[in-house]
Amino acid sequence: MQEKPQQLRIVSANLNGIRSAANKGFFHWLAQQQPHIVCAQEIKAQAADLTPALLRPDGSDLQGHFHFAEKKGYSGVGLYSSLTPTEVITGFGNTEFDAEGRYIEARYDLGAEGLSVVSVYLPSGSSSDERQQAKFRFLEAFYPHLQRLKASGREIVVCGDWNIAHQAIDLKNWRGNQKNSGFLPEERAWLSQVLEQLGYVDVFRRLDARPEQYTWWSNRGQAWAKNVGWRIDYQIATPGIAARAQQVQIYKDQRFSDHAPLTIDYAL
């Protein structure tokens, strides 16, 4: 029987290409962190591209599970786990977005209620109005799914790149971005509904109320050097497990991607 940990370390990271991140040392860093669950987004790979070292990273006991996009070199999510899930679910039942490889859920027999951990990659609407409309369709479809997850009675942690900065504190240039994808009033209102109406918790903000805590920086200009960033990567959780969050870190000492990994430790 698998021994259940006293503490659960969950890492979420948009890799902007899993092979690229691996070449930049992501998995070497990950082995040092000793996480129990790792949620990866934008892996930009197909099953045939994943070497044994990407399926089971060296120096760790993590086992990878993936939801690939049909389109090559695009989107895709993964979930690595040192714990054995009772079930792994790919897709959330939406034909359009399941084809883009945006959702994977692992269920665990942890705690009285059970636990689901999700790796999700919400669409970006910044490239065109067409993609912004796709993003709105995703939000419309994903909200009732979050509702169903909450109603399941399990504890839920939804990790990933949500491509939305929720409040002014969550991006450097909030005044100039109010008409831009990622900080549109409709997107922010949708995320407020997830937190206020559905009752999910933004776990990072529960532990860290400081400004200028970002997870993504544009490659343009000197955004990284000047910390002109956005906080768009989250761990959004049900209140029970959110209340057990103990510490949080955005890791910025090395760059594996244009996003930084977000790590949160939960007491079990």
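Note: the structure precedes this text.
Keep in mind that this is a model prediction, so the values were computed, not measured.

**Here's the deal with the layout of surface pockets**
In step 1: Estimated volume of the largest pocket: approximately 940 Å³.
In step 2: Surrounding the largest pocket, 33 residues form its lining, Ser124, Ser126, Ser127, Asn163 and Trp216 being those nearest its centre.
In step 3: For the lining of the largest pocket, a count of residues per class yields eight nonpolar, 17 polar and eight charged.

**Observations concerning the nonpolar core**
In step 1: Core analysis: the largest hydrophobic core is formed by 30 residues, its most contacted members being Tyr108, Val117 and Tyr266.
In step 2: Excluding its chain neighbours within four sequence positions, the residues that come into contact with Val117 are Ile10, Ile37, Cys39, Leu79, Ile104, Glu105, Ala106, Tyr108, Val157 and Cys159.
In step 3: Membership of the second largest hydrophobic core comes to 25 residues, among which are Tyr103, Leu122, Leu198 and Tyr200.

**Structural notes on the side chain of Thr215**
In step 1: Mapped onto the fold, Thr215 is located in the loop between helix H7 (203-207) and strand S10 (216-217).
In step 2: Beyond its immediate stretch of four places on either side in the chain, Thr215 contacts Trp230, Arg231, Ile232, Asp233, Ile250, Asp258, His259 and Ala260.

**As for the sheet that holds strand S1 (residues 7-14)**
In step 1: The six strands are arranged S3-S4-S2-S1-S14-S13 in an open sheet whose pairing can be described as mixed. Two strands bound the open sheet, and with one partner strand each, they are strand S3 (63-67) and strand S13 (245-250). Each strand axis lies, on average, 15 degrees off the axis of its neighbour in the sheet, ignoring direction.
In step 2: As paired elements, S13 and strand S14 (residues 262-267) share five bridges and run antiparallel to each other. Bridging across to S14, Gln249 finds its partner in Thr263.

**Quick word on the pattern of salt bridges**
In step 1: A complete count under the given rule lists 15 salt bridges for this structure.
In step 2: Residue Arg137 is joined to Glu96 by a salt bridge in which the shortest nitrogen-to-oxygen separation is 2.7 Å. Highlighted residues: Arg137 in helix H5 (residues 129-151) and Glu96 in helix H4 (residues 95-98), separated in sequence by 41 residues.
In step 3: You can call Arg137 partly exposed: its relative accessible area is 40%.
In step 4: Among the residues examined, Glu96 registers a relative accessible area of 33% and is labelled partly exposed.
In step 5: Here Arg205 ties to Asp170 by a salt bridge, and the two come within 3.0 Å at their closest N and O atoms. A residue pair is termed long-range when its members are at least 10 positions apart, and Arg205 in helix H7 and Asp170 in the loop between strand S8 (155-161) and helix H6 (185-196) qualify at 35 residues. Like Asp170, Arg205 is buried.
In step 6: Each of the salt bridges in this network shares a partner with another, and the network as a whole consists of Glu87, Glu105, Arg107 and Arg154.

Conventions used here
- Residues numbered from 1 in each chain as written.
- Predicted model: local features only at pLDDT ≥ 70, side-chain atom pairs only at ≥ 80, totals over all residues.
- Heavy atoms only, no water.
- 1 Å grid on protein atoms, 1.4 Å probe; cavity = no way out; pocket = protein on both sides within 12 Å on 5 of 7 lines; lining within 4 Å.
- Points joined across faces, edges and corners; volume = space filled by probe spheres on them.
- Nonpolar A, V, L, I, M, F, W, Y, C, P; charged D, E, K, R; others polar.
- Core = buried A, V, L, I, M, F, W, Y, C linked by side-chain atoms within 4.5 Å.
- Buried < 20%, exposed > 50% of the residue type's maximum accessible area, 1.4 Å probe, protein only.
- Contact = heavy atoms within 4.5 Å.
- Helix = DSSP H or I, 4+ residues; strand = E, 2+ residues; numbered from the N terminus.
- Pairing = 2+ DSSP bridges.
- Axes fitted to C-alpha atoms, helices over the stretch in contact; angles between N-to-C directions.
- Salt bridge = Lys/Arg side-chain N within 4 Å of Asp/Glu carboxyl O.

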